[in-house]
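Each chain, written out:
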Amino acid sequence: MSKTAATLTDKTLPENVSTLIDLILEENPMHNSFIQNALGHVTEEELSTLDSYLDFCQSKGQNLPYMADAYLTIVGDTFREQLYFMKHKEYRHKSYADVAGHVYDDKDYMNKYMYGLAITSFLWPNHLDMGRLFVETMPQTRNGKYLDIGPGHGYYLMKAMELGSFDEFLGIDISEASINQTGAILDHFKPEFKERFELRLMDFLDATELEAGSFDAIVMGEVLEHVEQPDVFLKRIAELAKDDAYIYVTTCINAPAVDHIFLWRSTEELEKMIEGTGLKIKTPLRLPYEGKTLEESQAEELSINVAYVLEK
Ligand SMILES: C[S@@+](CC[C@H](N)C(=O)[O-])C[C@H]1O[C@@H](n2cnc3c(N)ncnc32)[C@H](O)[C@@H]1O
């Protein structure tokens, strides 16, 4: 029999979160120990933020069973891709064309994927740690222009508005579903920013109109592994950033997912690429697979998450 959220933690769980976890465990009781560990990691304040996010989702017509299903879709799809990766030692897909139709351009799937991904920002300890690095390092008093490449669910762009003092925000995403979700979360939580942000539906590399050296902050979470030429993305970031800009990038190593197409097999391989693009690593966060060291994760080809504050 599946456990309930309340039996897995001493923390006080807000109502939406408690119901969401109960629904997840009802559907997938094997996820018990993972959730127990996750609840040990997340703070009550972060749980309360997740609760507000779930309020927002419900206000947009996504009820909690849908949100539980969105989360479990990511869990199930990732597990299937992990099995493929263990067998073939490479990601299933290699090009944007391989994944565009069934991910970015499939509105129903993409919506589910982005809602589910937002939940992992709280329930997956590595994702939570990467988000904490962002919150800790994002400059709070700097003005100017802020660029988010691939905002997806829009949670981090919304957070930047909440925490920072930037004047203008630009989000560029290749998926219409992501652009709509980002627009909705900003309208809901930050209506006062209505005149100060712009969202563009396009490939970041096609945004040739952007002016070199014009951005004070550039954030790109979980996009590099989705593109065919991550080094070109990084070079373009270096070009667009002001000399002292805040640059925050996250990605992953040996981390199969339905739409991951660029595979790094070690942090060294990735970091060599980053440093070959005119960017320097200021603050690295290298997060091994749960229960393993970084060396073990690399040797055993297990997923590693990484977040970096970069500088020119
Ligand atoms: C995995 S989501 C990441 C969402 C969010 N940034 C985060 O850190 O959780 C990746 C997002 O990047 C977008 N994306 C992928 N390739 C892109 C490209 N070439 N240009 C712009 N956006 C892209 C996808 O549509 C999706 O919304």
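Within any chain, residue numbers begin from 1 and follow the written order of that chain's sequence. It should be noted that, the model being predicted, local features are given only for residues of pLDDT at least 70 and side-chain atom pairs only at 80 or more, the latter also being counted only at that level, while totals for whole chains, interfaces and linings use all residues. The basis for every side-chain value is the complete set of heavy atoms in the structure, and neither hydrogens nor water enter the calculation.

## Considering the overall build of the protein
Numbering of helices and strands runs from the N terminus, with a helix taken as a DSSP run of H or I at least four residues long and a strand as a DSSP run of E at least two residues long. A tally of helices and strands in the protein yields twelve helices and seven strands. As a reference, a globule follows 2.2 Å times the number of residues to the power 0.38, and the radius of gyration itself is taken over C-alpha atoms. Since a compact globule built from 312 residues should have a radius of gyration of about 20 Å, the 19 Å found for the protein is in line with a globular shape. Each of the three principal axes of the protein carries a C-alpha extent, and together these read 60 × 45 × 35 Å. For each residue, the accessible area found with a 1.4 Å probe, counting protein chains only, is set against the maximum for its type, and the residue is called buried under 20%, exposed over 50%, and partly exposed in between. Every one of the 312 residues in the protein was classed for burial, and the buried ones make up 55%. At a minimum sequence separation of 6, the contacts of the protein that also span at least 24 residues come to 76%. Contacts: residue pairs with any heavy atoms within 4.5 Å of one another.

## Some thoughts on unusual backbone geometry
Positive phi values are uncommon outside glycine, yet E222 reaches one of about 55°. Inspection of the secondary structure puts E222 in the loop between β4 (215-221) and α10 (230-240). Positive phi values are uncommon outside glycine, yet N254 reaches one of about 45°. Tracing the backbone shows N254 in the loop between β5 (241-253) and α11 (267-275).

## Digging into the packing of helix α6 (residues 107-123) against helix α9 (residues 176-189)
Two elements in contact, α6 and α9, have axes whose closest approach is 8 Å; the angle formed by their N-to-C orientations is 50°. Taken together, the axes of α6 and α9 are oblique relative to one another. For the pair α6 and α9, the sense of crossing is right-handed. Together, K107, M110, N111, M114 and Y115 of α6 and A177, S178 and Q181 of α9 make up the contact between the two elements. Gly counts as polar in this scheme, as do all residues outside two lists: the nonpolar Ala, Val, Leu, Ile, Met, Phe, Trp, Tyr, Cys and Pro, and the charged Asp, Glu, Lys and Arg. Grouping the constituent residues of the contact of α6 with α9 by class yields four nonpolar, three polar and one charged. For every element, the axis is a line fit to its C-alpha atoms; helices are fit only across the contacting stretch, and the angle between N-to-C directions ranges from 0 to 180 degrees. Any angle between 65 and 115 degrees counts as roughly perpendicular, while under 35 counts as roughly parallel, over 145 as roughly antiparallel, and the rest as oblique. Helix crossings are classified by the rotation of the near helix relative to the far one: an anticlockwise turn of less than a right angle makes the crossing left-handed, while a clockwise turn makes it right-handed.

## Points about the packing of helix α8 (residues 155-163) against α9
At their nearest, the axes of α8 and α9 sit 9 Å apart, and the two run at 30° to each other. Judged on the interaxial angle alone, α9 and α8 are roughly parallel. With respect to the hand of their crossing, α8 and α9 are arranged in right-handed fashion. Counting all contacts with α8, which are made through Y155, L157, M158 and M161, the residues of α9 involved are T182, I185, L186 and F189. Broken down by class, the residue content of the contact of α8 with α9 amounts to seven nonpolar, one polar and no charged.

## Overview of the packing of aromatic side chains
Stacked, tilted and edge-to-face pairs are distinguished by plane angle, under 30 degrees for stacked and over 60 for edge-to-face with tilted covering the rest, among Phe, Tyr and Trp rings (Trp via its six-membered ring) whose centres lie within 6.5 Å. Taken as a whole and assessed by the stated rule, the structure comprises 19 aromatic pairs. Ring centres of Y109 and Y113 lie 5.9 Å apart, and the angle between their planes is 50°; this geometry places the pair in the tilted category. A residue pair is termed a helical-turn pair when its members lie 3 or 4 positions apart in one helix, as Y109 and Y113 do in helix α6 at four residues. Judged on exposure class, the residue Y109 and its partner Y113 are both buried. Note on F122 and Y155: the rings are 5.4 Å apart at their centroids and 70° apart in plane angle, and the pair reads as edge-to-face. Taken together, the residues span a long stretch of sequence, with F122 in helix α6 and Y155 in helix α8 at a distance of 33 residues. Y155 gets classed as buried once you look at its relative accessible area, which sits at 7%. Lying across the ring of F215, K145 places its NZ or CZ 4.9 Å from the centre. By the criterion adopted, a ring carries a charge over it if an Arg CZ or a Lys NZ lies within 6 Å of its centre and within 35 degrees of its normal.

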